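# Observations on the model geometry
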Amino acid sequence: MGIDDILDGWPVDHGADADALAMREFRLAAQEWLDMPRTETGFRHYVHRWERRVAEDTWPAPRGVN
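Overview of the structure. (Residues numbered from 1 in each chain as written. Predicted model: local features only at pLDDT ≥ 70, side-chain atom pairs only at ≥ 80, totals over all residues. Heavy atoms only, no water.)

### Some points on the overall build of the protein
Going by this rule: Each helix corresponds to a stretch of at least 4 residues labelled H or I by DSSP, and each strand to a stretch of at least 2 residues labelled E; elements are numbered beginning at the N terminus. For every residue, the accessible area obtained with a 1.4 Å probe (protein chains only) is divided by the maximum for its type, and the residue is called buried under 20%, exposed over 50%, and partly exposed between those limits. We call two residues in contact when some of their heavy atoms are within 4.5 Å. All accessible-area figures derive from a Shrake-Rupley calculation using a 1.4 Å probe, and residue coverage is judged against the displayed protein chains alone.
Per the secondary structure count, the protein includes three helices and zero strands. Evaluated residue by residue, the protein yields a buried proportion of 24% over its 66 residues. At a minimum sequence separation of 6, the contacts of the protein that also span at least 24 residues come to 50%. By element, 57% of the accessible surface of the protein is carried by carbon and sulfur atoms, the whole surface being about 4,600 Å².

As structure tokens, then:
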């Protein structure tokens, strides 16, 4: 699942919380991007962390935005 899937409502419909959830995830991705070391290793770790997060489907449950 990608962050944009939250907005698309597929494969899970997050209902009224979709925009808030997507914005939180976009902010997290952007902040981690800005904070990462500007090295090849830093980039690899950033990509690996997000690939693992997406693969594990760790998005909050529908209507689970806090």
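### Focus: helix α2 (residues 18-35)
Structural remark: α-helix, 3.6 residues per turn; residues separated by three or four positions point the same way. The condition that has to hold: In this scheme, a helix's expected span is set at 1.5 Å multiplied by one less than its residue total. To obtain the arc, one takes the directions from the helix axis to the C-beta atoms.
With 18 residues, α2 extends 26 Å between its outermost C-alpha atoms, agreeing within 8% with the 26 Å of an ideal straight helix rising 1.5 Å per residue. For α2, the set of buried residues is A18, L21, A22, E25 and A29. In an axial view of α2, the angular spread of the buried residues amounts to 100 degrees, which keeps them on one side of the axis. Opposite the buried face of α2, by more than 90 degrees, sit the exposed residues D19, R27, L34 and D35. Check the buried side of α2 and you find it contacts α1 (3-8) and α3 (40-55).

### A short note on the pattern of salt bridges
Note the threshold: Within this document, salt bridges are pairs made up of a side-chain nitrogen of Lys or Arg and a carboxyl oxygen of Asp or Glu, the two lying within 4 Å of each other.
For the structure shown, the criterion picks out four salt bridges. A salt bridge links R24 to E25; its shortest N-O distance comes to 2.8 Å. Owing to a relative accessible area of 29%, R24 belongs among the partly exposed residues under this scheme. E32 is the salt-bridge partner of R49, the closest N and O atoms lying 3.1 Å from each other. Of this pair, R49 sits in helix α3 while E32 sits in helix α2, and the two are 17 residues apart along the sequence. R49 sits in the partly exposed class, given a relative accessible area of 31%. Judged by relative accessible area, E32 falls into the partly exposed class, the value being 21%. The network of salt bridges with common partners includes R24, E25 and R53.

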